[in-house]
Amino acid sequence: DGGITQSPKYLFRKEGQNVTLSCEQNLNHDAMYWYRQDPGQGLRLIYYSQIVNDFQKGDIAEGYSVSREKKESFPLTVTSAQKNPTAFYLCASSIVREDTQYFGPGTRLTVL
Amino acid sequence: GQQVMQIPQYQHVQEGEDFTTYCNSSTTLSNIQWYKQRPGGHPVFLIQLVKSGEVKKQKRLTFQFGEAKKNSSLHITATQTTDVGTYFCAGGGYNFNKFYFGSGTKLNVKP
C-alpha cells in the first residue's frame, strides 16, 4: 500500500525543547515538502527537497531544520528558536517539483 | 514576490446552491492545481490545469484556467454537505523555484 506517512499524529512538547517530526514515503518521489498550517489559514512552505542530500528554504524556514539522507525520508526538526511552534505540520511529496503533491495525514504539535 | 491570492476566504451556502472560489496570480503560472481539505484532514489533490483557457469537469465541479494563465476558478454546482471543506489552489512560475498555495476558501454547506 503506497503512501506518505507522518508520525506521531499528536505531539506535545515543553517550551525550549527541540522536536523532530517524521515523514516517510514509499511512492518513489524525488521531491518532498514541509508545510505549516495555522488555524483558518493556508499552507506555508517551510522547506523542500528536490533530491537526496539537497534541500532549500521555503518562506518560513527560520527556527526549523531538515535533512534528506534517504529518498524516502524527510524529517523536520522544530528547534527552540522557533518562536511560535504550535501548529499543524504537513509533509508532502511529488514526482518532481511542480507536480501533483501527495500529503501525509499531518502532525499537530502543541508546545506547552 | 509572486503569490497566489484566493477569494473568498469563507463561503456559507444552503445545500443545492452553487459555489465558486477564485484564484489570482500577479505573474503567469506554468500550471494550477486544486486541492480539497476536509475538516481535520489533509489536502487531497483534485485536478491540475496546464493549458491556457483550459476547462475541466469532475461531476459537479468545473475548473477553469484563464487565458493569460494568471487566474483560475473552481465552481461547484448544486452543493452537497459532502462538499464541506477548504479548497486550495496552488501554482508556480516557470522558473520552478517558487510554488505557492492560495490561502484557501472554506466552504460550509447547510443541509
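This write-up is about the structure you can find in this document. All chains use their own residue numbering, which begins from 1 and follows the written sequence. The lettering of chains begins at A and the numbering of ligands begins at 1, in the order of writing. A pLDDT threshold of at least 70 governs which residues receive local features in this predicted model, and a stricter bar of 80 or more applies before side-chain atom pairs are shown or counted, although totals over entire chains, interfaces and linings include all residues. Remark: hydrogens and water are excluded; side-chain values derive from all non-hydrogen atoms of the structure.

Counting its regular elements, chain A contains 0 helices and 11 strands. Only runs of H or I of at least four residues qualify as helices and only runs of E of at least two qualify as strands under DSSP, and these elements are numbered from the N terminus. When its helices and strands are written in sequence order, chain A yields β-β-β-β-β-β-β-β-β-β-β. Referenced to the eigenvectors of the C-alpha coordinate spread, the extents of chain A come out at roughly 35 × 25 × 25 Å. For chain A, buried positions account for 48% of its 112 residues. In chain A, the share of contacts with a sequence separation of at least 24, taken over all contacts with a separation of at least 6, comes to 53%. Total accessible area computed for chain A in this model is approximately 5,500 Å², and 48% of it derives from carbon and sulfur atoms. Type-normalised accessible area, obtained with a 1.4 Å probe on protein chains alone, sets the label of each residue: buried when under 20%, exposed when over 50%, and partly exposed for intermediate values. Only heavy atoms enter the contact rule, under which two residues are in contact if any of them lie within 4.5 Å. Residue burial considers only the protein chains on display, and all accessible areas are found by Shrake-Rupley using a 1.4 Å probe.

Turning our attention to the sheet that holds strand S3 (residues 19–25) of chain B. All names here are of chain B. Across the sheet, 5 strands lie side by side as S1-S3-S8-S7-S6; this open sheet has antiparallel pairing. Edge positions in the sheet fall to strand S1 (4–7) and strand S6 (55–58), since each has one partner strand and no second. The sheet shows a mean angle of 15 degrees between the axes of neighbouring strands, direction not considered. Strands are treated as partners if at least two bridges between them are detected by DSSP. Note that S1 and S3 share 4 bridges and pair antiparallel. Bridge pairing links Met5 to Asn24 in S3. To obtain an axis, a line is fitted to C-alpha atoms, over the contacting stretch when the element is a helix, and the angle between two such axes runs from 0 to 180 degrees between their N-to-C directions.

On the chain A side, the residues contacting the 24 residues of chain B number 19 residues. The buried area of a pairing is the accessible area, by a 1.4 Å probe, that goes missing from both parts when the two are put together, added over both. Together chain B and chain A conceal approximately 1,600 Å² of surface at their shared face, both sides included; 47% is due to carbon and sulfur atoms. For salt bridges, the criterion is a side-chain nitrogen of Lys or Arg within 4 Å of an Asp or Glu carboxyl oxygen. Along the contact surface separating chain B from chain A lie 0 salt bridges. Looking at the side of chain B that touches chain A, the elements that each hand over two or more residues are strand S4 (31–37), strand S5 (44–49), strand S9 (85–92) and strand S10 (99–101) of chain B. Take the side of chain B that touches chain A: its biggest share by element is 4 residues, from S4 of chain B. For this scheme, ten residues count as nonpolar: Ala, Val, Leu, Ile, Met, Phe, Trp, Tyr, Cys and Pro. Four count as charged, namely Asp, Glu, Lys and Arg, and the remainder, Gly too, count as polar. Residues of the side of chain B that touches chain A, tallied by class, amount to 9 nonpolar, 14 polar and 1 charged.

All names here are of chain B. Considering the arrangement of structural elements, one finds Phe63 in strand S7 (residues 61–65). Residue Phe63 is classed as buried on the basis of its relative accessible area, which comes to 0%. Beyond its immediate sequence surroundings of up to four residues, Phe63 is in contact with Trp34, Leu46, Ile47, Leu49, Glu54, Val55, Lys56, Gln58, Ser73 and Leu74.

Residue and element names in this part refer to chain B. With 6 bridges connecting them, S3 and strand S8 (residues 71–76) associate as antiparallel partners. Within S8, the residue paired with Tyr22 across the bridge is Ser73. Sheet topology places S7 next to S8; 5 bridges connect them, and they run antiparallel. Across the sheet, the residue bridging to Phe63 is Leu74, located in S8. Between S7 and S8, which follow one another and run antiparallel, lie 5 residues, and Lys69 among them has a positive phi close to 60 degrees.

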